[in-house]
Amino acid sequence: MKTKSYHSLLIVILLTIPVCIKAQEETPLTFHHKTYTKGGSIVVGNTILGKHKSKSFDHEKTSNDVVDMVYVDVDNESSTFSSSSAEINLPKGTTRILYAELYWSGLYPAEKSTMRMGARRAIYKKKGGREAAVNEIKVKWGDAPYIDIKGDIVFDAKGKSTFKRDSPYVCRANITNYLNDANLNSGNFTAANIRAVRGKLEGGSAAGWHLYMIYENPNNSPKYFTTFDGFRQVAKDPVEITFNDFKTKTQGQIESTLVMATLEGDTNIKNDQFAFYSAKEDKYVTLQTPNRDNTNFFNSSITINSEMFLNRTPASTNTLGFDLLKMKLDDGLIANNAEEARIRFKSKADRFYVYFTAFETEIEETLMLKKNPEAIATVNNIPAENIQVKDIEALVIKEVMPRVEKEELVADATFVNDEHKIEAPVKVVETTLKVESPERVYIKSTPVVSNAVPKKVKKKSRIKKLTVRGVDSGYYLITNVFSKEKYASNWTQKLLDEGYAPERFVNPRNGWIYIYLMKTDDLAEIKKERNRLRTKELFKEAWIGGINR
């Protein structure tokens, strides 16, 4: 019995050793960057390997292991041996690029690999030593000359037994300042001198680059952005990632987006999958797009949502083992007030490598300002370069509000032309901003009387009942109401600075923004809280709204 036990233990140990070595030689995908701002993201990229130096490769059923790979080189410059480009178009209204990280990766066990058929199998032979400087490349935007980039090495399999066959690597470089200094809204971005094995490699060669950018745009909703990087092989064991440190907005549909970059996803080998955890269904839901089947999600292509991204040179539809995608999540997949998102990579037949993923989702403006006070520059259209931590100046912001009596607010307003004028009191809100200039900075806001004509106000009532489409029924303790976004944001920031946790809803009928501190179905409780708050100068006019009651 002891001999059998020892044999069983020995078998378990021998089976476990390769798994342990694999885990030790990989780099887990972990958090790298996060941003809270009004804006969006762009991802572009391209392969640097193909069957031809400059022609697109569009044989969609051809696997990368049967192609005799050469470097793509489209720039006609003697200083580069590989180059490919992609077009960047920043949306109208973009004020600046907040974050831009360039990634490049490849399979690089040697300079070249050849294949010949033996009596029973293919025989592969590697030629040429591996160049050490995989993290040194060139980039340019538009017609500017190339600049040299030396990036950080995220992962390098050189000398690691698990990846002896293909020796993958991943590098990254932050080029935010370079892109902002270029001061371009659109143009071709080119990455050059990225290295990979050429010829025929066992399992196929693959290499490419991508640029992930977060831009600031005051016309967009507040969002949370985060990126993870590392290097994991996805085979029999799934790879899961959890995003957190956010909370989705409280009401309405939520726009959420995922970005991923992988190597070695073959176009003709199925059973690789990508899934998102649905809290509502309490299970992982396998995702797909029109160009990515749920049984062959990583299929050697570059896609944005439902379309192939072809604004690049070369514009190959089969990128031979290099995958890059950005996709919107279906409505309802992530819930209101969600505080985490989980994704899973899985494969049953075709192993592949995942090294980058990004997640973005809509959040409340209150969270954005709490996590990123400098975002107030976007809200108030103040030049971002004036915002710094070291200097603080007080701003006095004036807004004209329609005349209302205490605890009375007009839900319906009739808009008239400029010939009609009404009197309205000026409401003063104080906030603080961090500015670079030693001079005092003011937001220029000329007090103009609102052209909204309030209906005849009835006598004071203790509770003002309003019907607001899309808002949960309940009693709301409302501290202020604004007709303009920037003033609502400044009031919100002031409450945050005072230690409160303000929330908001918007009346779609007139666009007015209601800032409240409490929501409940208990009328007695909210009256008690209202009376307590009214003892403070800041909340002397706080009132209760019975919304959809």
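Residues numbered from 1 in each chain as written. Predicted model: local features only at pLDDT ≥ 70, side-chain atom pairs only at ≥ 80, totals over all residues. Heavy atoms only, no water.

## What to know about the overall build of the chain
Just so we agree on the cut-off: Secondary structure is summarised from DSSP: a helix means a run of H or I of at least four residues, a strand means a run of E of at least two, and numbering begins at the N terminus for each. Only protein chains enter the area calculation, which uses a 1.4 Å probe; residues under 20% of their type maximum are buried, those over 50% are exposed, and those in between are partly exposed. Note on areas: Shrake-Rupley with a 1.4 Å probe; residue coverage comes only from the protein chains shown.
Helices and strands together make up the secondary structure of the chain, namely six helices and 34 strands. By the burial criterion, 51% of the 549 residues in the chain qualify as buried. Roughly 26,600 Å² of accessible area belongs to the chain as shown, and the carbon and sulfur atoms make up 47% of that amount.

## Description of the sheet that holds strand β13 (residues 198-199)
Under the convention used in this document: At least two bridges found by DSSP between two strands is the condition for calling them paired.
Taken in spatial order, the three strands line up as β7-β6-β13 in an open sheet, and their pairing is mixed. On the outer flanks of this sheet lie β7 (122-127) and β13, each paired with one strand and no other. As defined by bridge partners, strand β6 (residues 112-117) adjoins β7 across six bridges and the pair is classed as antiparallel. Following the sheet pairing, Arg116 is matched in β7 by Ile123.

## Let's talk about helix α6 (residues 523-533)
Counted only if it meets this: This arc is built from the directions going out from the helix axis to the C-beta atoms. The contact criterion used throughout is that any non-hydrogen atoms of two residues lie within 4.5 Å. Each polar contact in these results corresponds to two N or O atoms within 3.5 Å; when the atoms are within protein, one needs to be able to donate a hydrogen and the other to accept it, and residues that are neighboring in sequence are counted only if both atoms are side-chain atoms.
Of all the residues in α6, the buried ones are Ile526, Arg530 and Leu533. Along the long axis of α6, the arc covered by the buried residues comes to 65°, so they all point the same way. The exposed set on the far side of α6, more than 90 degrees from its buried face, consists of Ala524 and Lys528. Of the surrounding secondary structure, the elements contacted by the buried residues of α6 are β31 (474-482), β33 (513-520) and β34 (543-547). N-capping of α6 is provided by Asp522, with a side-chain oxygen placed 3.1 Å from the backbone N of Ala524.

## Considering the packing of aromatic side chains
Put simply, the test is: Pairing of aromatic rings covers Phe, Tyr and Trp, the last through its six-membered ring, and needs centres within 6.5 Å; plane angles under 30 degrees mean stacked, over 60 mean edge-to-face, and all others mean tilted.
Scanning all chains against the criterion turns up 28 aromatic pairs. The interplanar angle of 35° and the centroid separation of 4.7 Å between the aromatic rings of Phe298 and Phe352 together place this pair among those described as tilted. Of this pair, Phe298 sits in the loop between β19 (283-286) and β20 (302-304) while Phe352 is found in strand β25 (residues 352-362), placing the two residues 54 residues apart along the sequence. Residue Phe352 is classed as buried on the basis of its relative accessible area, which comes to 0%. Ring geometry for Tyr476 and Tyr516: centres 4.8 Å apart, planes at 85°, overall edge-to-face. Residue Tyr476 is located in strand β31, and its partner Tyr516 is located in strand β33; the two are separated by 40 residues in the primary sequence. Tyr516 carries the same exposure label as Tyr476, and that label is buried.

## Describing a positive patch on the surface
Threshold: Any residue with relative accessible area above 30% and no salt bridge may belong to a patch, with like charges joined within 9 Å and the nonpolar Val, Leu, Ile, Met, Phe, Trp and Tyr side chains within 5 Å. Throughout this description, the term salt bridge denotes a Lys or Arg side-chain nitrogen within 4 Å of a carboxyl oxygen of Asp or Glu. Only four residue types enter the charge count, namely Lys and Arg as positive and Asp and Glu as negative; His and the chain termini do not. Charge coordinates come from a single atom per side chain, which is NZ of Lys, CZ of Arg, CG of Asp or CD of Glu.
Taken together, the side chains of Lys112, Arg116, Lys125 and Lys127 define a basic patch exposed on the protein surface. If you list the elements that add at least two residues to the positive patch, you get β6 and β7. Tracing the backbone shows Lys125 in strand β7. You can call Lys125 exposed: its relative accessible area is 54%.

## Digging into the environment of Asn220
Mapped onto the elements of the fold, Asn220 is located in the loop between β14 (207-216) and β15 (222-234). Sequence separation between Asn220 and Thr94 is 126 residues; the distance between their C-alpha atoms is 9.5 Å. Contacts of Asn220, omitting those with residues within four sequence positions, involve Lys38, Gly39, Gly40 and Tyr215.

## Some remarks on the pattern of salt bridges
The tally for this structure, following the rule as stated, stands at 23 salt bridges. Salt-bridge contacts for Glu340 lead to Arg342; the nearest nitrogen and oxygen are separated by 4.0 Å. Of the charged contacts in the structure, one is a salt bridge between Asp521 and Arg549, with a shortest N-O distance of 3.1 Å. Taken together, the residues span a long stretch of sequence, with Asp521 in the loop between β33 and α6 and Arg549 in the segment after β34 at a distance of 28 residues. On the accessibility criterion, Arg549 (44% relative accessible area) is partly exposed. One network of salt bridges, in which partners are shared, links Lys38, Glu365, Glu485 and Arg504.

## Points about unusual backbone geometry
Glycine aside, the phi torsion of most residues is negative, and most peptide linkages are trans. Pro314 follows Thr313 through a cis peptide bond whose omega is -5°. Position of Pro314 relative to the elements: it lies in the loop between β22 (312-313) and β23 (322-328). Unlike most non-glycine residues, Asn76 shows phi in positive territory, near 55°. Mapped onto the fold, Asn76 is located in the loop between β3 (70-71) and β4 (83-89). Of note, Asn305 is a non-glycine position whose phi angle comes to about 55°, a positive value. Positionally, Asn305 belongs in the loop between β20 and β21 (307-308). Note on Asn305: relative accessible area 28%, which makes it partly exposed.

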